[in-house]
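Here is what each chain is made of, one letter per residue.
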Amino acid sequence: MSQPDFTSSQFTSTQNAAADSTTPSKMRGASSTMPLTVKQIADAQQSGTGEKGAPFMVDGVETANIRLVGMVNGKAERTTDVTFTLDDGTGRLDFIRWVNDAADSAETAAIQNGMYVSVIGILKGLQERKRATAFSIRPITDFNEITLHFIQCVRMHIENTKSKVGSPARTSSSMGLSVSNGFSESSTPTSLKSNPAPVTSGANGNDSDLNTQVLEILCEPANIESEHGVHIDEIVKRLKLPEKKIKEAIEYNVDIGHIYSTIDDFHFKSASTD
């Protein structure tokens with residue numbers, strides 16, 4: 001199977017314009033997402049007896065919301081929904097995105113075949129016929145985000161299986177990854193090599209305290225309703241802590257799927273509407 005060419009040349013001015021003209025849709029369901037590849041989803045097993053509606057298990061962990069990155073193919077539009085196939089180089093997965101209001105229509109209209117997107121949704125179907133419902137589809141304008149996503153998939157796989165990073169080839173194989181997808185030592189960002197897991201410290205020295213404080217600000221009703229989310233400067237002003245610490249807490253919450261960036265690298269929203 002041929003793999004998408006994940007290079008910067010693939011990001012056209014049309015895709016950049018689409019990302020600038022749309023905002024992420026409302027997030028529904030669980031407040032965290034699991035970064036996965038299509039290969040991992042193909043290998044996922046349904047829990048219990050495998051009856052319809054039973055949750056799928058990846059690396060022994062039940063999937064809630066899933067996050068994938070890849071190229072859109074076979075987009076088809078109807079009045080009530082939009083369907084498409086996502087190809088991430090490890091396989092293909094069918095998605096359906098329900099259209100309930102004008103915001104949903106604007107989001108789906110901006111997505112075109114051949115465009116690279118980040119999709120958050122939920123896995124459904126039966127063992128032999130998996131499909132997914134998309135909650136949010138966001139155009140990707142920086143190809144580094146693709147590499148970062150696969151790095152997050154590797155990290156999640158290692159954490160969930162308690163594996164040791166002694167055989168990169170084995171880890172990559174289990175998720176359908178190859179060096180051509182960006183998994184080479186030279187392609188890994190230096191910042192991720194030196195600091196793979198952002199660590200933060202709250203004012204009282206508790207590592208998780210600041211992460212929670214930042215998330216609580218973003219989860220405030222007014223900030224959830226805000227179209228563009230909260231600027232990092234506002235969080236710095238409210239918590240009266242160094243910007244570096246706030247950024248580390250934001251990176252942590254992004255990494256585990258609690259929040260996401262909106263119009264630029266400085267505005268963030270909670271991934272939960274609850």
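Attention in this report is confined to the structure presented alongside it. Within each chain, residue numbers correspond to sequence positions counted from 1 in written order. Where local features are concerned, this predicted model is filtered to residues with pLDDT of at least 70; where side-chain atom pairs are given and counted, the filter is 80 or more; whole-chain, interface and lining totals use all residues. Working from all heavy atoms in the structure, the side-chain values ignore hydrogens and water.

Here's the deal with the overall build of the protein
Thinking step 1. From N to C terminus, the protein includes ten helices and twelve strands.
Thinking step 2. With 274 residues in all, the protein has 45% of them scored as buried.
Thinking step 3. Areas reported here follow the Shrake-Rupley algorithm with a probe of radius 1.4 Å; residue values treat only the protein chains shown as occluding. Of the roughly 13600 Å² that the protein leaves accessible, carbon and sulfur atoms contribute 52%. Secondary structure is summarised from DSSP: a helix means a run of H or I of at least four residues, a strand means a run of E of at least two, and numbering begins at the N terminus for each. Here's how the labels work: a residue is buried when its accessible area is under 20% of the maximum for its type, exposed when over 50%, partly exposed in between, all with a 1.4 Å probe on protein chains only.

Quick notes on the packing of aromatic side chains
The description of two aromatic rings rests on the distance between their centres and on the angle between their planes.
Thinking step 1. What counts as a ring pair is set by centres within 6.5 Å for rings of Phe, Tyr and Trp (its six-membered ring), and what kind of pair is set by the plane angle: stacked under 30 degrees, edge-to-face over 60, tilted for all other angles. Applying the stated criterion across every chain, the model contains one aromatic pair.
Thinking step 2. Between Phe-84 and Phe-95 the ring centres are 5.4 Å apart and the planes differ by 10°, which places this aromatic pair in the stacked class. In this pair, Phe-84 is assigned in strand 6 (residues 81-87) and Phe-95 in strand 7 (residues 92-98), connecting sequence segments eleven residues apart.

A short note on the pattern of salt bridges
A side chain with one charge may pair with a side chain of the opposite charge, provided their charged atoms come close.
Thinking step 1. Put simply, a salt bridge is a Lys or Arg side-chain nitrogen that is within 4 Å of an Asp or Glu carboxyl oxygen. Using the criterion set out here, one finds ten salt bridges in the structure.
Thinking step 2. The partner of Asp-43 in a salt bridge is Lys-39, and the shortest N-O contact between them spans 2.6 Å. With Asp-43 and Lys-39 both in helix 2 (residues 38-43), this residue pair falls four residues apart, about one helical turn.
Thinking step 3. Judged by relative accessible area, Asp-43 falls into the partly exposed class, the value being 40%.
Thinking step 4. A salt bridge links Glu-145 to Arg-138, with the shortest nitrogen-to-oxygen separation between them at 2.5 Å.
Thinking step 5. Glu-145 sits in the partly exposed class, given a relative accessible area of 24%.

Examining the pairing of strand 12 (residues 267-270)
Thinking step 1. Side chains His-267 and Lys-269 of strand 12 all project onto a buried face; the interleaved residues Phe-268 and Ser-270 project onto the opposite face, where all are buried too.
Thinking step 2. Pairs of strands are assigned from DSSP output, requiring at least two bridges between the strands. Here two bridges tie strand 10 (residues 230-231) to strand 12, and the two strands are oriented antiparallel to one another. Paired with His-231 across the strands is His-267, a residue of strand 12.
Thinking step 3. When strand 11 (residues 259-261) meets strand 12, the two strands line up antiparallel, connected through three bridges. Each residue of the ladder has a partner; that of Ser-261, found in strand 12, is Phe-268.
Thinking step 4. Hairpin connection, strand 11 to strand 12: the antiparallel pair is bridged by five residues.

As for helix 9 (residues 232-239)
Thinking step 1. Within the span of helix 9, buried status applies to Ile-232, Ile-235, Val-236 and Leu-239. In an axial view of helix 9, the angular spread of the buried residues amounts to 100°, which keeps them on one side of the axis.
Thinking step 2. At the C-terminal side of helix 9, Lys-240 shows a positive phi close to 55°. Each direction from the helix axis to a C-beta atom contributes to the arc, which is the arc of those directions.

Observations concerning helix 4 (residues 144-161)
Thinking step 1. Taking 1.5 Å of rise per residue, the 18 residues of helix 4 would be expected to cover 26 Å, and the 26 Å separating its terminal C-alpha atoms lies within 8% of that figure.
Thinking step 2. Of all the positions in helix 4, only Ile-146, Thr-147, His-149, Phe-150, Gln-152, Cys-153, Val-154, Met-156, His-157 and Ile-158 are classed as buried.
Thinking step 3. Directly beyond the C-terminal end of helix 4, a positive phi value near 55° is found at Lys-162. Multiply 1.5 Å by the residue count of a helix minus one, and that product is the helix's expected span.

Quick look at the sheet that holds strand 10
Thinking step 1. If you walk across this open sheet you meet the three strands as 10-12-11, and the pairing is antiparallel. Here the strands that pair on one side only, and so sit at the sheet edges, are strand 10 and strand 11.

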